[in-house]
Amino acid sequence: MTTITRRAVIAAAAIALFTAPGVAAAAPHLHGDANTPGTQVQFDNDPGDSNSYTCGAFGAGGAGVGSNPGGGTGQVNGTFGPGPVQGGCVGSDGSVFFPTGNAE
């Protein structure tokens, strides 16, 4: 992910934060992919959350973006090193979240 793309994702999330009519009670969660420890990041929804999300994430050695189907699991496209990951997600209902996790 280029610096321009990363800045665009962050700016879009910030704009959505100030224009969203409300915030959902559920949120996506970032976590490592058990099949590729320390390299890939996935995100999924809280139980009962049927929104789809588009998320960007950056962390040790990498950055990426991805989306998930409503209520499903999504893959952040990118390669990460082991360690903490910070993300920004925009939901299909306009909600905005900034989840953290680990690529491990």
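Refer to the structure printed above.
Each value, and the rule that gives it
Residues numbered from 1 in each chain as written. Predicted model: local features only at pLDDT ≥ 70, side-chain atom pairs only at ≥ 80, totals over all residues. Heavy atoms only, no water. Core = buried A, V, L, I, M, F, W, Y, C linked by side-chain atoms within 4.5 Å. Buried < 20%, exposed > 50% of the residue type's maximum accessible area, 1.4 Å probe, protein only. Helix = DSSP H or I, 4+ residues; strand = E, 2+ residues; numbered from the N terminus. Contact = heavy atoms within 4.5 Å. Pairing = 2+ DSSP bridges. Polar contact = N/O pair within 3.5 Å; in protein donor to acceptor, adjacent residues only side chain to side chain. Phe/Tyr/Trp six-rings, centres within 6.5 Å; stacked < 30°, edge-to-face > 60°.

Q: In this structure, what is going on with the nonpolar core? I would like to understand it.
A: With 13 residues, the main nonpolar core has Val41, Phe80 and Val85 as its most contacted residues. Tallying contributions element by element places strand β3 (residues 53-59) first for this core, with three residues. Dropping the residues within four chain positions of it, Val41 is found in contact with Leu30, His31, Gly74, Gln75, Val76, Phe80, Val85 and Ala103.

Q: Help me understand the pairing of strand β4 (residues 62-68) in this model?
A: Within a regular beta strand, the side chains point alternately toward one face of the sheet and then the other, so they alternate between its two faces. Counting buried positions over the seven residues of β4 gives five, a clear majority of the element. As paired strands, β3 and β4 are joined by seven bridges and run antiparallel to one another. Within β4, the position partnered with Gly59 by the bridge is Gly62.

Q: When you look at the side chain of Asn51 in this model, what are you seeing that I'm missing?
A: Examined against the element boundaries, Asn51 turns out to sit in the loop between β2 (41-44) and β3. Overall, Asn51 belongs to the buried group, its relative accessible area being 14%. Polar side-chain contacts of Asn51 include one of 3.3 Å to the side chain of Ser92.

Q: In this structure, what is going on with the packing of aromatic side chains? I would like to understand it.
A: Describing an aromatic ring pair means giving the distance of the ring centres and the angle of the ring planes. Tallied over the full model, the rule gives one aromatic pair. Centroid distance Tyr53 to Phe97: 6.1 Å. Interplanar angle 65°. Geometry classified as edge-to-face. With Tyr53 in strand β3 and Phe97 in strand β7 (residues 96-97), the pair connects residues that are 44 residues apart, well separated along the chain. A relative accessible area of 1% means that Tyr53 is categorised as buried. Exposure remark for Phe97: the relative accessible area of 12% places this residue in the buried category.

Q: Would you mind showing me how to read the side chain of Gln40 here?
A: Along the chain, the position of Gln40 falls in the loop between β1 (29-32) and β2. A polar contact of 2.9 Å, which involves the side chain of Gln40, links it to the side chain of Gln75. Looking at Gln40, its side chain comes within polar contact range of the main-chain oxygen of Gly78, at 3.1 Å. Filtering out sequence-adjacent residues up to four positions away, Gln40 remains in contact with His31, Gly32, Asp33, Gln75, Val76, Gly78, Thr79 and Ala103.

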